[in-house]
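The chain contents come next:
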Amino acid sequence: MEFQYETKTGCLRIFTPREIDECAASEMREEADMLIDNYQIRHLIFDFSNTEFMDSSGIGMLIGRSRKMGYTGGSVVAENLNGRVQKIFTLAGLPKLITVVKEANHD
Amino acid sequence: MIREQEMTIRFAAYPENEQFARIVITAFLMDLNPLVDEMADIKTAVSEAVTNAIIHGYENCMGEVTMTCKKQGDLITITVLDEGCGIADIARAREPFFTTKPEAERSGMGFSFMEMFMDEIHITSERGQGTCVEMKKQLHLQEGSS
Ligand SMILES: Nc1ncnc2c1ncn2[C@@H]1O[C@H](COP(=O)(O)OP(=O)(O)OP(=O)(O)O)[C@@H](O)[C@H]1O
Ligand SMILES: [Mg+2]
């Protein structure tokens with residue numbers, strides 16, 4: 001799969017793939033949940049720097065991860081959305097569930 | 001004279017073919033040199049219709065999806081057809097956030113995106129027979145395109 005991630009003390013940063021459709025979304029769902037459980041993640045960051053396309057399958061996957069993190073009081077952030085992905089976020093009401101940040105802060 | 005061209009592809013209902021359908025529509029419209037936003041709108045609408053055919057129409061079982069793309073000058077018509085289970089209540093299916101698969105983390109935004117991103121959408125469906133989604137969009141051509 002073309003997506004990569006970094007973990008650091010309770011924090012998981014997922015670099016989302018170029019296109020998020022049903023195929024990519026279901027792989028991300030599986031892998032993210034495995035990582036969240038294994039590393040006891042409290043802070044989940046989706047880094048959209050590489051993503052040019054996302055359809056409704058991506059929305060379902062993001063809402064699902066936001067729910068999952070919500071159960072344990074964790075947070076979900078989305079960073080570096082291009083104009084297109086931002087539009088999809090807005091139309092689907094995602095900013096109500098996921099904090100959208102303009103600039104990445106790689107700490 | 002308005003130039004017309006039509007093309008049909010038929011492919012197996014595998015999720016991997018959603019990307020194939022997006023590549024095909026992009027290639028088909030390339031010579032019209034559409035605006036970046038319009039191309040993205042069409043790609044998203046195609047992805048939604050094809051994904052629905054695969055995951056709802058055939059419920060990830062064997063089947064084939066037929067996509068027809070037509071250009072009449074700068075008017076684009078795309079139909080996506082499956083011979084799957086059909087839609088029980090089309091009006092309901094079109095409502096934003098309505099999904100019959102909440103347990104599979106569907107968001108119910110597919111038809112809403114098709115409506116928002118295309119100028120027109122017509123859905124015909126019959127239980128046990130299949131579903132046909134026809135979408136139209138008028139392109140606003142850039143200067144210098146044919
Ligand atoms: N080709 C199809 N065959 C059978 N049922 C369909 C088809 N397309 C859509 N549906 C039905 O219409 C509902 C709404 O479709 P829509 O694309 O808006 O949402 P979704 O696919 O459930 O979720 P999302 O697109 O956000 O992943 C689906 O849940 C499904 O019940
Ligand atoms: Mg859908």
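Residues numbered from 1 in each chain as written. Chains lettered and ligands numbered in written order. Predicted model: local features only at pLDDT ≥ 70, side-chain atom pairs only at ≥ 80, totals over all residues. Heavy atoms only, no water.

Caption draft 1: Broad picture of the packing of helix α1 (residues 16-29) of chain B against helix α2 (residues 36-57) of chain B. Residues and elements named next belong to chain B. Where α1 meets α2, the closest approach of the two axes is 9 Å, and the angle between their N-to-C directions is 145 degrees. In terms of crossing hand, the pair formed by α1 and α2 is right-handed. Residues Glu18, Ala21, Arg22, Ile25, Thr26 and Leu29 of α1 touch α2, and the partners they reach there are Met39, Ile42, Lys43, Val46, Ser47, Val50, Thr51 and Ile54. (Axes fitted to C-alpha atoms, helices over the stretch in contact; angles between N-to-C directions. Helix = DSSP H or I, 4+ residues; strand = E, 2+ residues; numbered from the N terminus. Left-handed = near helix turned anticlockwise from the far one by under 90°. Contact = heavy atoms within 4.5 Å.)

Caption draft 2: Fine view of the packing of α2 of chain B against helix α4 (residues 110-117) of chain B. Residue and element names in this part refer to chain B. Interaxial distance between α2 and α4 falls to 9 Å at its minimum, and their mutual angle equals 150 degrees. Taken together, the axis directions place α2 and α4 in an arrangement best described as roughly antiparallel. The two elements α2 and α4 cross, and the hand of that crossing is left-handed. For the pair formed by α2 and α4, the contact residues are Asp41, Thr44, Ala45, Glu48, Ala49 and Asn52 on the first element and Gly110, Phe111, Phe113, Met114 and Phe117 on the second. By residue class, the composition of the contact of α2 with α4 is 6 nonpolar, 3 polar and 2 charged. (Parallel < 35°, antiparallel > 145°, perpendicular 65-115°, else oblique. Nonpolar A, V, L, I, M, F, W, Y, C, P; charged D, E, K, R; others polar.)

Caption draft 3: Molecular detail of the pattern of salt bridges. Evaluated as defined, the whole model comprises 19 salt bridges over all chains. We note a salt bridge from Arg22 of chain B to Glu19 of chain A, for which the minimum N-O separation is 2.9 Å. One end of the pair, Arg22 of chain B, is in helix α1; the other, Glu19 of chain A, is in strand β3 (residues 19-20), on a second chain. Here Arg22 of chain B and Glu19 of chain A have matching classes, each one buried. Across the salt bridge formed by Arg10 of chain B and Glu83 of chain B, the nearest N and O atoms sit 3.7 Å from each other. Placement of Arg10 of chain B in strand β1 (residues 4-12) and of Glu83 of chain B in the loop between β3 (75-82) and α3 (90-94) is noted, with a sequence separation of 73 residues between them. With relative accessibility at 44%, the residue Glu83 of chain B sits in the partly exposed group. Linked by salt bridges that have partners in common, Glu19 and Asp21 of chain A together with Arg22 and Lys43 of chain B make up one network. (Salt bridge = Lys/Arg side-chain N within 4 Å of Asp/Glu carboxyl O. Buried < 20%, exposed > 50% of the residue type's maximum accessible area, 1.4 Å probe, protein only.)

In short, shape yes, function no, at least from these values alone.
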